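Read off the chains here:
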Amino acid sequence: MPEPGFETRAIHAGQPPDPATGAVVPPVSFSTTFAQEAVGRHRGFEYARSANPTRQALETCLASLEGGAHGLAYASGLAAEDALLRTLSPGHHVILPNDAYGGTFRLIDRVWGPLGVSSTPADLTSTAELEAAWRAETRLVWVETPTNPLLSIVDIGAVAAFAHSRGALVVVDNTFATPYLQRPLSYGADVVVHSATKYLGGHSDVVGGLLVLDDPELANRLSFFQNAAGAVPGPMDCYLVLRGLKTLAVRMDRHCHNAAAVADMLAGHPAVERVRYPGLRSHPGHDVAARQMRGFGGMVSFVVRGGEKAALEVARATEIFTLAESLGAVESLIEYPHRMTHASVAGSPLQVDPGLIRLSVGIETIEDLLADLAGALERASS
Ligand code: PLP
């Protein structure tokens, strides 16, 4: 039988019916400890921080969807990022996107910086900039594509070829795209990182993170850190992400469809200065995105005319788009990066435009979403 398709793996990989009862949904395993037949003789589970059946199902399922050999789950996306950064040593250097998610920048700059890991933000859409940021100590290139919140597109294959020629690893934050739209390992990335809090969970009701990779040696080190440092997710959280994965493909199709319609409407609206959506031909990364992604995703960012004041008005005036942080769930959200998700990068090279608004376009009826945004823009500009 050929390898099952994405949707089939999303529903079945790592979670066959429970052999004890036939339950089609394997039971959530809450036990913290597991009986041993004799000292050291057990069925792969001893203590739940080291391994837990529900977490293992999630790790297996996401690894399969990303096309990687190993998956590791964490208590949050940032915990997953932190675990990966533990593979570096003082003196090492990281290059990260100059519009990376603010929390990633804060973690690398303010947690790992004082521990001796230096970093340089760079525009990774340009190989010349990547080269200019390079140092002899560079060990890791951190890619986000599309980026948060500007939705820049980085050519993963080009960055991987460059980084590998100089002996560094490439990690791709695939939170915005999900494995349904983009598979970074297939373009040469070494590690994929996810905030499962977003599209993987998909319903704004669970915080989690994952790493997926192929290299067995690195996987062993990460697995040691996962147990030794212990930032693991609980079984119920793993179950919620597993359940989210089952509908990932159909949700992403609708997110892409709705976001494209929103981007088109905004691009033609007089109150809007510019729109960032990789699906628009005007987006500088459109061609790379079209090659690298199956669809252009559910996130749309735009700058309103009138700067901060107008942006704050729009963010307040929508009714279906809820003013809230986070993204990637079934409901539409609107947020103001300058003072919300990206407040931690104010005053840094990653500071965002005060007129910028970010939308996480949900899967509601598209006509309702378009009317909500058009109404908010009208009220804000009147
Ligand atoms: N990566 C991206 C692109 C994100 O947007 C976020 C959170 O917003 C994270 C990582 C961090 O994930 P978490 O909030 O699950 O720790």
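Every chain is numbered on its own, with residues counted from 1 as its sequence reads. Selection of residues for local features in this predicted model requires a pLDDT of at least 70, selection of side-chain atom pairs for listing and counting requires 80 or more, and totals for whole chains, interfaces and linings are taken over all residues. Side-chain measures here rest on the full set of heavy atoms in the structure, leaving out hydrogens and waters.

Remarks on the pairing of strand E12 (residues 356-360)
Looking along a regular strand, one sees side chains alternate from face to face of the sheet.
Argument step 1. Exposure categories follow from relative accessible area, calculated using a 1.4 Å probe and restricted to protein chains: below 20% of the type maximum is buried, above 50% is exposed, and the middle band is partly exposed. Working definition: helices are DSSP H or I runs of at least four residues, strands are E runs of at least two. Numbering for both runs from the N terminus. With five of its five residues buried, E12 lies for the most part within the structure.
Argument step 2. The side-chain alternation of E12 yields two buried faces, one formed by Leu356, Arg358 and Ser360 and the other by Ile357 and Leu359.
Argument step 3. Two strands qualify as a pair provided that DSSP identifies no fewer than 2 bridges between them. As judged from the five bridges shared by strand E9 (residues 299-304) and E12, these two strands associate in the antiparallel manner. Looking at the pairing, Ser301 lines up with Arg358 of E12.
Argument step 4. Direction of pairing for strand E11 (residues 333-335) relative to E12: antiparallel, over a ladder of three bridges. Bridge pairing in E12 places Leu333 opposite Ser360.

Here we look at the packing of aromatic side chains
Aromatic rings considered in pairs are described by the distance between their centres and by the relative angle of their planes.
Argument step 1. Within 6.5 Å between ring centres, the rings of Phe, Tyr and Trp (the latter by its six-membered ring) count as paired, and their orientation is classed by plane angle as stacked under 30 degrees, edge-to-face over 60, tilted in between. All chains considered together, the criterion is met by four aromatic pairs.
Argument step 2. Measuring from centroid to centroid gives 5.3 Å for Phe6 and Tyr180, while their planes differ by 55°, and the two rings are tilted. Taken together, the residues Phe6 in helix H1 (residues 6-12) and Tyr180 in helix H7 (residues 178-181) connect sequence positions 174 residues apart. The exposure classification of Phe6 matches that of Tyr180, with both residues buried.
Argument step 3. With a centroid separation of 5.8 Å and an interplanar angle of 55°, the aromatic rings of Phe224 and Phe225 are classed as tilted.

Details of the environment of Leu85
Argument step 1. Inspection of the secondary structure assignment puts Leu85 in helix H3 (residues 77-85).
Argument step 2. Among the residues examined, Leu85 registers a relative accessible area of 0% and is labelled buried.

Points about the side chain of Gln292
Argument step 1. Residue position: Gln292 is located in helix H11 (residues 286-292).
Argument step 2. Should any heavy atoms of two residues lie within 4.5 Å, those residues are considered in contact. Excluding residues that lie within four positions of it along the chain, Gln292 makes contacts with Thr145, Ile153, Val154, Asp155, Ile156, Gly157, Leu181, Gln182 and Tyr187.

With respect to the site of the ligand
Argument step 1. Throughout, near means a residue has at least one heavy atom within 4 Å of the molecule or strand. Looking at the ligand, there are 14 residues lining it, with Gly77, Asp173, Ser195, Thr197 and Lys198 nearest.
Argument step 2. For this analysis, a polar contact is any N or O atom pair within 3.5 Å, provided that within protein one partner can donate a hydrogen and the other can accept it, and provided that sequence-adjacent residues contribute only side-chain to side-chain pairs. A distance of 2.9 Å separates an oxygen atom of the ligand from a polar backbone atom of Gly77.
Argument step 3. In the environment of the ligand, an oxygen atom lies 2.7 Å from a nitrogen or oxygen atom belonging to the side chain of Lys198.
Argument step 4. Note on areas: these come from Shrake-Rupley sampling with a 1.4 Å probe, and a residue is covered only by the protein chains present in the view. Coverage of the ligand by the protein amounts to 90% of the 390 Å² it exposes when considered alone.
Argument step 5. The leading source of residues in the shell around the ligand is H3, at three residues.
Argument step 6. Any residue that is not Ala, Val, Leu, Ile, Met, Phe, Trp, Tyr, Cys, Pro, Asp, Glu, Lys or Arg is counted as polar, Gly included; the first ten are nonpolar and the last four charged. Residue composition of the shell around the ligand, grouped by class: three nonpolar, seven polar and four charged.

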